[in-house]
Amino acid sequence: MRRSPRRPLRAVQVGSGFTALAAIVLFAMPAATAGPAGTRAADSAAGQAALASTRLPGAGLSPATRQRLASIASQVDSLLAKMTLPEKIGQLEMSGPTGANGTPGQALLDEVKSGEVGSVLDLVGVASINQVQQAALQSRLRIPVIFSLDVIHGYKTIFPVPLGEASSWDPAAVTSDASISASEATADGIKWTFNPMVDVSRDPRWGRVVEGSGEDPYLGSAMAAAKVRGYQGSAFSAPDKMAATVKHFGAYGAVQAGREYNTTDMSTQQLFNVYLPPYKAAIDAGAATVMSAFTSLDGVPATANPYLLTTILRNEWRFGGTVVSDYQAIEELQDFGYATSGAQAAQFALTAGVTIEMGVQVPSQFSTYTLYAQDLVKSGKVSMATINADVRHVLTLKFLAGLFTHPSTDPSRVKSAELTPANLAAARTMAGRSMVLLNNQGHALPLSASVPSIAVVGPLADDPSDQLGPDVPIGYSAADLTSVVSVLNGIKAAVPHATVTYAQGCDSSCSSTSGFSAAVDAAKAAAVTVIVAGEPAADSGEASSRSDVSLPGQQSALIQAIAATGKPYVVVLMNGRPLTLGWVADNAPGLLEAWYPGTEGGNAVADVLFGKVNPGGKLPMSFPRDVGQIPISYNELPTGRPADPNNKYTSKYLDVANTPRYAFGYGLSYTTFSLSSPRVSASAVSAAGPVRVSADITNTGSVTGDDVVQLYVHQDGTTILQPVRRLDGFQRVTLAPGQAKTVTFTLGRDQIGFYNNLGQLEVDPGTVDVYVGDSSTGGQRTQFTVRS
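Computed from a predicted structure; not experimentally measured.

**Digging into the overall build of the protein**
- Tallying secondary structure elements over the protein gives 25 helices and 30 strands in all.
- Against the compact-globule benchmark of 28 Å for 788 residues, the protein has a radius of gyration of 26 Å, which places it among compact chains.
- Oriented by its inertia axes, the alpha-carbon framework of the protein measures out at about 75 × 65 × 45 Å.
- The 788 residues of the protein split such that 62% are buried.
- Within the protein, residue pairs in contact and separated by at least 24 positions form 79% of the contacts whose partners lie at least 6 positions apart.
- Carbon together with sulfur atoms contributes 52% to the accessible area of the protein, which is approximately 25,900 Å² in total.
- Positive and negative side-chain charges in the protein, numbering 56 and 63 respectively, have mean positions lying 7 Å apart.

Next comes the structure, spelled out in structure tokens:
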């Protein structure tokens, strides 16, 4: 066996030439992590002192940006020398609109004018943002504020939710979407997004799976890096670029029982191999900021966790940017019982490494930094070096964002940047690429474009608000519902000659069946019925955990009632998590997963239904058969008693199969593909590799289509168990009928190896199994050997 004491980065290779650095700098768990408060403070103070000369906000910044850092550093030092302690603490505070209907309010204007606030969240509209900025420029040192918003999957033009975007398995497209979102948001003056959310999760009960990229660290890493590059470009000082935030650090997606804000507790190897890689990939791509999680990891809240925020983030990963707390998370250290007072909460957060406190609308009432930071410095519990380092991070962020040069935004940009035809076309394209065809029995899809009549049925068929996904347009974007194309209207536009009849059947909660009869009558009178079912958007997102992840209310009964007519029907799903679909999965002839597809979702659904777009998306999360299987993922560790239907005393359920209903990486097409046996460039390699794996994919059907070639590895005989399969490469390809393409993946030390329970990258000798296919199951197999 071979171990790497230097803990090198793992390179993640992604299709179409896109490469993201996705692995982690590993470390051994220090004893101080769970130590007393004094140990925590001492450990963090040492880390902050070491950081004082580190001003690089992300290891992946462009050479041009790096050249600017030296000039920025001298300007920051000059400004820092002029600041009073209250002014410094003001830069560490974030506030929001205090007026009616989201307007700035006099309280906010007074705060920024007096230098009490350095950043503002949840304020939208270029006029309001410029008004606040002008107040900031009247402060003693004329330091601009930076404006922030989540901008998770769009600003005015809303793209599919992130879980849907991940279903595209197309990082280049995700980069393009994030770039458009940045262009629209910056036209209003917003220069800082609280995205990407890169939390790996294997529990669809957790509502925030909708905001991430699913269950796999490799796919999640590719998507994380893609979004950072889209938001920031080569330099986020550009008028149409913005600073990105990787969140929620760390392992927020592993909350126990899928219950929001619950605790997280895990082994070292699981943390390193599964949960940390996407954060590191985002940082290596240049993410300017990091947001700490609400939750605790191994008994220590992330907001006060120097192991996460200093040992890993600052010292090991050499991150030199800004760390922001989540909303009121510092104050909530008292609710944990971790801090016994607001002053202690502020102390723990500052010494652990939280730069900016995301407070409430009037910081002077609730903000722990405003209330206690000055006294903490005067008493010596927080050093001035810590405060200066934090202020340096904030000022550097603002310089890198171009705010000292161009603090205000030209209002004329709004018209040319937001909801443009090009942006809407991009949203439509991405929505189509994100859809996953789950069932297609008897070629139920695509529908004929010459169909004479269509019944459109279901709670989400004509629901613009739910179609956008959770927290849109409130809080996370500035979406305009009047611009949303519903599925009903998309179908009408796609087949203008057809008679289209609409009957909702029930609302999204579907607690009443009183509308079923009208829906059944519409289905009986039509040549085909399109049923649009799923979750209301409020059932997904933050604080939206569900213990039952089936279709809400009587929606399944509505679908069964339509099926009982004997007339042709297909089902479109809109939801923010994998669902337990039961009867619907077993019986629906055509079943299309559309997620929450965004502004152009209705047009995109119609494009797929009528064959204008051939679905090529693949699932980024496993769909369980039953909620009792959760948490569930394809890359589980093996057991000594694998499931055997003929032996009760093996690892299985008595009442349901172990396998998911739809596996990770699964997705059908209107055409068919074949894959050759994979070929390896060498039968044996050293621990450093590399070995190249190639396979030929051919479109064996009659229409052009996309498939995602996926490479998985497994190795027995290692010092710790390895997943039954682990994704280590993918490429999405488009092929015309009869066309073939050779796809090649390169596996080096970082792909072959794994992280052991000491946090070390290890490559063990022995046989490595390689599987190439178009899902996490099946595929073609080959092998190579790692020499001793």
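Now, onward.
**Some remarks on the packing of aromatic side chains**
- The tally for this structure, following the rule as stated, stands at 15 aromatic pairs.
- Here Tyr 261 and Phe 294 contribute two aromatic rings whose centre-to-centre distance is 5.3 Å and whose plane-to-plane angle is 85°, an arrangement assigned as edge-to-face. Residue Tyr 261 is found in the loop between strand 8 (245–249) and helix 9 (268–275), and its partner Phe 294 is found in the loop between strand 9 (289–292) and strand 10 (296–297); the two are separated by 33 residues along the sequence.
- Look at Phe 294 and you get buried, because its relative accessible area is 9%.
- Centre to centre, the rings of Tyr 634 and Phe 664 are 4.6 Å apart; their planes meet at 10°, and the pair counts as stacked. Separated by 30 residues along the polypeptide, Tyr 634 in the loop between helix 24 (601–609) and strand 20 (673–675) and Phe 664 in the loop between helix 24 and strand 20 bring together distant segments of the chain.
- Owing to a relative accessible area of 10%, Tyr 634 belongs among the buried residues under this scheme.
- Connected via pairs of aromatic rings, a cluster forms that spans Trp 169, Tyr 218, Tyr 634, Phe 664, Tyr 712 and Phe 730.
- Against the face of Tyr 662 rests Arg 661, its NZ or CZ located 4.7 Å from the ring centre.
- The ring of Tyr 771 carries the charged tip of Arg 725 above its face, separated from the ring centre by 3.8 Å.

**Quick look at the sheet that holds strand 8**
- With parallel pairing, the three strands of this open sheet are ordered in space as 8-9-12. Where the open sheet ends on each side, the last strands, each with one partner, are strand 8 and strand 12 (322–324). Averaged over all adjacent pairs, the angle separating strand axes in this sheet is 25°, with direction ignored.
- Bridge count for strand 9 against strand 12 is three bridges, and the pairing is parallel. Residue pairing in the sheet places Met 291 in a bridge with Val 324 of strand 12.
- Packing against the sheet, helix 11 (residues 306–316) makes contact with strand 8, strand 9 and strand 12, and its axis sits at approximately 140° to strand 8.

**A short note on the state of the cysteines**
- Evaluation of the coordinates by the stated rule reveals one disulfide.
- Note that Cys 506 is cross-linked by a disulfide to Cys 510, the S-S spacing being 2.1 Å. In this structure the cystine formed by Cys 506 and Cys 510 twists about its S-S bond by roughly -95°; its chirality is therefore left-handed.

**Let's talk about the sheet that holds strand 22 (residues 684–685)**
- The five strands lie next to each other as 22-30-29-24-25, forming an open sheet whose pairing is mixed. Both outer strands of the open sheet, strand 22 and strand 25 (726–735), are each paired with one neighbouring strand and no more.

**Here we look at the nonpolar core**
- Counting residues in each nonpolar core, the largest one holds 184 residues, and the members touching the most others are Phe 249, Tyr 369, Ile 491, Leu 581 and Leu 609.
- The greatest single-element share of this core, amounting to seven residues, is contributed by helix 16 (residues 384–400).
- Grouped together as the second largest cluster of nonpolar side chains are 22 residues, Val 693, Val 713, Val 733 and Ile 752 included.

**A few points about the confidence of the model for the protein**
- Residues at a pLDDT of 70 or more form 90% of the protein, whose mean pLDDT is 91.
- Across residues 1–59, where pLDDT falls below 50, the model places 189 contacts with residues more than four positions away in sequence or in other chains.

**With respect to the pattern of salt bridges**
- The final tally for this structure, using the stated rule, is 19 salt bridges.
- Across the pair Arg 392 and Asp 77 runs a salt bridge, and its minimum N-O distance is 2.3 Å. Highlighted residues: Arg 392 in helix 16 and Asp 77 in helix 2 (residues 63–82), separated in sequence by 315 residues.
- In this structure, the salt-bridge partner of Asp 586 is Arg 661, at a minimum N-O distance of 3.5 Å. Here the residue Asp 586 occupies a position in helix 23 (residues 583–587), and Arg 661 occupies one in the loop between helix 24 and strand 20, the gap between them amounting to 75 residues.
- Overlapping salt bridges, with partners in common, bring together Asp 170, Arg 433, Asp 706 and Arg 732 in one network.

**Re the pairing of strand 9**
- Judged by which residues are buried, strand 9 turns out to be covered on both faces: Thr 289 and Met 291 on one side and Val 290 and Ser 292 on the other are all buried.
- Here strand 8 runs beside strand 9; their pairing, made up of three bridges, is parallel. Along strand 9, the bridge assignment pairs Thr 245 with Thr 289.

**Let's talk about the side chain of Ser 213**
- Of note, Ser 213 is situated in the loop between strand 7 (192–193) and helix 8 (217–232).
- Dropping the residues within four chain positions of it, Ser 213 is found in contact with Leu 163, Ala 166, Leu 219, Gly 220, Met 223 and Pro 620.

**Things to note about helix 11**
- Buried residues dominate helix 11, accounting for nine of its 11 residues.
- All of the buried residues in helix 11 are Pro 306, Tyr 307, Leu 308, Leu 309, Thr 310, Thr 311, Ile 312, Leu 313 and Arg 314.
- Where helix 11 starts, the residue carrying a side-chain oxygen 3.1 Å from the main-chain nitrogen of Tyr 307 turns out to be Asn 305.

**Some remarks on the packing of helix 13 (residues 342–352) against helix 15 (residues 368–378)**
- Interaxial distance between helix 13 and helix 15 falls to 9 Å at its minimum, and their mutual angle equals 80°. The angle between helix 13 and helix 15 places the two elements in the roughly perpendicular class. Contacts between helix 13 and helix 15 involve Gly 342, Ala 343, Ala 346, Gln 347, Ala 349 and Leu 350 from the former and Thr 368, Tyr 369, Tyr 372, Ala 373 and Leu 376 from the latter.
- Residue composition of the contact of helix 13 with helix 15, grouped by class: eight nonpolar, three polar and no charged.

**Observations concerning the packing of helix 20 (residues 487–494) against helix 24**
- As a packed pair, helix 20 and helix 24 sit with axes 7 Å apart at the nearest point and diverge in direction by 50°. Considered as vectors, helix 20 and helix 24 are oriented oblique to each other. Here the hand of the crossing between helix 20 and helix 24 comes out right-handed. Here Val 487, Gly 490, Ile 491, Ala 493 and Ala 494 of helix 20 come into contact with helix 24, specifically with Gly 602, Asn 603, Val 605, Ala 606 and Leu 609.

**A word on helix 9**
- With seven of eight residues buried, helix 9 lies mostly within the body of the structure.
- Of the surrounding elements, those touching the buried residues of helix 9 are helix 8, helix 10 (277–284), strand 10, helix 11 and strand 27 (754–755).

**Section: unusual backbone geometry**
- Cis geometry is found at the peptide bond from Lys 247 to His 248, where omega equals -5°.
- Turning to its location among the elements, His 248 is positioned in strand 8.
- The amide bond that connects Phe 249 to the next residue, Gly 250, takes the cis arrangement and shows omega of -5°.
- The backbone of Arg 318 shows a phi angle near 60°, a positive value even though the residue is not glycine.
- Its place among the elements puts Arg 318 in the loop between helix 11 and strand 12.
- Positive phi, normally seen in glycine, also occurs at Gln 328, with a value near 65°.
- Looking at the element boundaries, Gln 328 is found in the loop between strand 12 and helix 12 (333–336).
- Overall, Gln 328 belongs to the partly exposed group, its relative accessible area being 25%.

About the criteria used
- Residues numbered from 1 in each chain as written.
- Predicted model: local features only at pLDDT ≥ 70, side-chain atom pairs only at ≥ 80, totals over all residues.
- Heavy atoms only, no water.
- Helix = DSSP H or I, 4+ residues; strand = E, 2+ residues; numbered from the N terminus.
- Rg over C-alpha atoms; globule rule 2.2 N^0.38 Å.
- Buried < 20%, exposed > 50% of the residue type's maximum accessible area, 1.4 Å probe, protein only.
- Contact = heavy atoms within 4.5 Å.
- Areas by Shrake-Rupley, 256 points an atom, 1.4 Å probe, with all protein chains shown as cover.
- Lys, Arg positive; Asp, Glu negative; His and termini not counted.
- Charge placed at Lys NZ, Arg CZ, Asp CG, Glu CD.
- Phe/Tyr/Trp six-rings, centres within 6.5 Å; stacked < 30°, edge-to-face > 60°.
- Lys NZ or Arg CZ within 6 Å of the ring centre and 35° of its normal.
- Pairing = 2+ DSSP bridges.
- Axes fitted to C-alpha atoms, helices over the stretch in contact; angles between N-to-C directions.
- Disulfide = S-S within 2.5 Å.
- Core = buried A, V, L, I, M, F, W, Y, C linked by side-chain atoms within 4.5 Å.
- pLDDT = per-residue confidence, 0-100.
- Salt bridge = Lys/Arg side-chain N within 4 Å of Asp/Glu carboxyl O.
- Polar contact = N/O pair within 3.5 Å; in protein donor to acceptor, adjacent residues only side chain to side chain.
- Parallel < 35°, antiparallel > 145°, perpendicular 65-115°, else oblique.
- Nonpolar A, V, L, I, M, F, W, Y, C, P; charged D, E, K, R; others polar.
- Left-handed = near helix turned anticlockwise from the far one by under 90°.

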